[in-house]
Amino acid sequence: MGASISMGHGAQKVFDKLENGKRVVSVIGDSTFFHTGINSLMTVIYNGSNTINVILDNRVTAMTGHQENPGSGKNACGGPAPVTDIEDIVRALGFKNIRTINPNDLDEVEDALNESLALDEPSVIITRWPCALKKLSAMDMEEFKGVFSNKNYIEEEVCIGCRKCVRSGCPALVFNKEKKKTAIDLLQCVGCDVCTQLCPTGAIRKKVD
Ligand code: SF4
Ligand code: SF4
């Protein structure tokens, strides 16, 4: 937990010595960033590394039980707390190349990664989107208006069974081998639209109740 940035930094130093041109992308969650990622990121900049560091800010300590963290606006007992802004911290550590993006916008994700890869300097990409299982706070509802209020469905006649959507890894997408068509499990769909961007035929539509 929280070791990715420092391990990535070490690996990058080895790759640089081998002169193999490989770039390391380190990935860490928001709460682990607060826990041990800050000091690792400080070491990246202090030691002149050029790693790409992606901070997945899903607005909660999701993996270990949905505890609050310094970025969530609530303290450990659920009372109000100051919000520690990840971008401000990263800037204070000395990073110049920082982007905060919507991880569901695949073009934006690709553009941010390409931009970072083109640099010979360290960079930070912060992806900001709430965990689908989070009990949204008033702050979340203000920031992510309408989030999780939609679902998508697949127009069966338009689906050509290419499975490009399925390869996104979303568990709501179910491929029917006999029919050679994909369907969306509405119980699991959170309407993020990632699959919509992958479909070549426009078969994935918004469900309107
Ligand atoms: S909209 Fe998002 S959650 Fe729903 S099926 Fe597509 S990828 Fe999965
Ligand atoms: S990407 Fe579109 S056409 Fe391909 S399987 Fe999914 S819904 Fe069907």
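Just so it is clear, the model here is predicted, and its values are computed rather than measured.

Participant: Requested: an account of the overall build of the protein, with residues and values cited.
Facilitator: A tally of helices and strands in the protein yields six helices and eight strands. Starting at the N terminus, the α and β elements of the protein follow one another as α-β-α-β-α-β-α-β-α-β-β-β-α-β. Counting over 209 residues, the protein shows a buried share of 35%. Considering only contacts in the protein between residues 6 or more positions apart, those separated by 24 or more positions represent 67%. With an accessible surface of roughly 11900 Å², the protein has 56% of that area assigned to carbon and sulfur atoms. Positive and negative side-chain charges of the protein, numbering 24 and 26 respectively, have mean locations separated by a distance of 5 Å.

Participant: Quick rundown of the side chain of Ser40? Include the residues and the values.
Facilitator: Looking at where Ser40 falls in the secondary structure, it is placed in helix H2 (residues 30–46). Residue classification places Ser40 among the buried positions, given a relative accessible area of 10%. The contacts of Ser40, once residues within four sequence positions are left out, are Gly2, Ile5 and Ser6.

Participant: Please provide a residue-by-residue account of the packing of H2 against helix H3 (residues 86–93), values included.
Facilitator: Relative to each other, H2 and H3 sit at 20°, their axes nearing to 10 Å. By the angle between their axes, H2 is roughly parallel relative to H3. The hand of the H2/H3 crossing is right-handed. Contact residues: Asp30, Phe33, Phe34, Ile38, Leu41, Met42 and Ile45 in H2; Ile86, Ile89, Val90 and Leu93 in H3. Residues belonging to the contact of H2 with H3 are distributed by class as follows: ten nonpolar, no polar and one charged.

Participant: I'd love a proper account of the site of ligand 2, names of residues and values included.
Facilitator: In the vicinity of ligand 2, the contacting residues are Ile154, Cys159, Ile160, Gly161, Cys162, Arg163, Cys165, Thr182, Cys199, Pro200, Thr201 and Ile204. A breakdown of the residues in the shell around ligand 2 according to their chemical character gives eight nonpolar, three polar and one charged.

Participant: Describe the environment of Phe144, and please don't skip the residues or the numbers.
Facilitator: Tracing the backbone through its elements, the reader meets Phe144 in the loop between helix H5 (138–143) and strand S5 (151–154). Classification of Phe144 as buried rests on a relative accessible area of 6%. Separated by 16 residues in the primary sequence, Phe144 and Arg128 place their C-alpha atoms 9.8 Å from one another. Sequence-distant contacts of Phe144, defined by excluding residues within four places in its chain, comprise Arg59, Arg128, Trp129 and Pro130.

Participant: Can you break down the domain arrangement of the protein residue by residue, with the values?
Facilitator: How big an interface is tends to be reported as the loss of accessible area on association of its parts. We note that the domain assignment places domain 1 (4–143) and domain 2 (151–207) within the protein. Its C-alpha centre places domain 1 at a distance of 30 Å from the equivalent point of domain 2. Every contact between the two is made by five residues of domain 1 and, on the other side, five residues of domain 2. Carbon and sulfur atoms make up 63% of the area that domain 1 and domain 2 hide from each other, which totals about 370 Å². The three residues of domain 1 that bury the most area against domain 2 are Asn104, Leu106 and Ala132, which together make up 93% of that side's buried surface. Seen at the junction of domain 1 and domain 2, the total is zero salt bridges. There are two residue pairs in polar contact (both at pLDDT 80 or more) connecting domain 1 and domain 2. Of the residues assigned to the side of domain 1 that touches domain 2, the class counts are two nonpolar, one polar and two charged.

Rules used in this analysis
- Residues numbered from 1 in each chain as written.
- Chains lettered and ligands numbered in written order.
- Predicted model: local features only at pLDDT ≥ 70, side-chain atom pairs only at ≥ 80, totals over all residues.
- Heavy atoms only, no water.
- Helix = DSSP H or I, 4+ residues; strand = E, 2+ residues; numbered from the N terminus.
- Buried < 20%, exposed > 50% of the residue type's maximum accessible area, 1.4 Å probe, protein only.
- Contact = heavy atoms within 4.5 Å.
- Areas by Shrake-Rupley, 256 points an atom, 1.4 Å probe, with all protein chains shown as cover.
- Lys, Arg positive; Asp, Glu negative; His and termini not counted.
- Charge placed at Lys NZ, Arg CZ, Asp CG, Glu CD.
- Axes fitted to C-alpha atoms, helices over the stretch in contact; angles between N-to-C directions.
- Parallel < 35°, antiparallel > 145°, perpendicular 65-115°, else oblique.
- Left-handed = near helix turned anticlockwise from the far one by under 90°.
- Nonpolar A, V, L, I, M, F, W, Y, C, P; charged D, E, K, R; others polar.
- Near = heavy atom within 4 Å.
- Domains from an automatic or database assignment.
- Buried area = accessible area lost by both parts, 1.4 Å probe.
- Salt bridge = Lys/Arg side-chain N within 4 Å of Asp/Glu carboxyl O.
- Polar contact = N/O pair within 3.5 Å; in protein donor to acceptor, adjacent residues only side chain to side chain.

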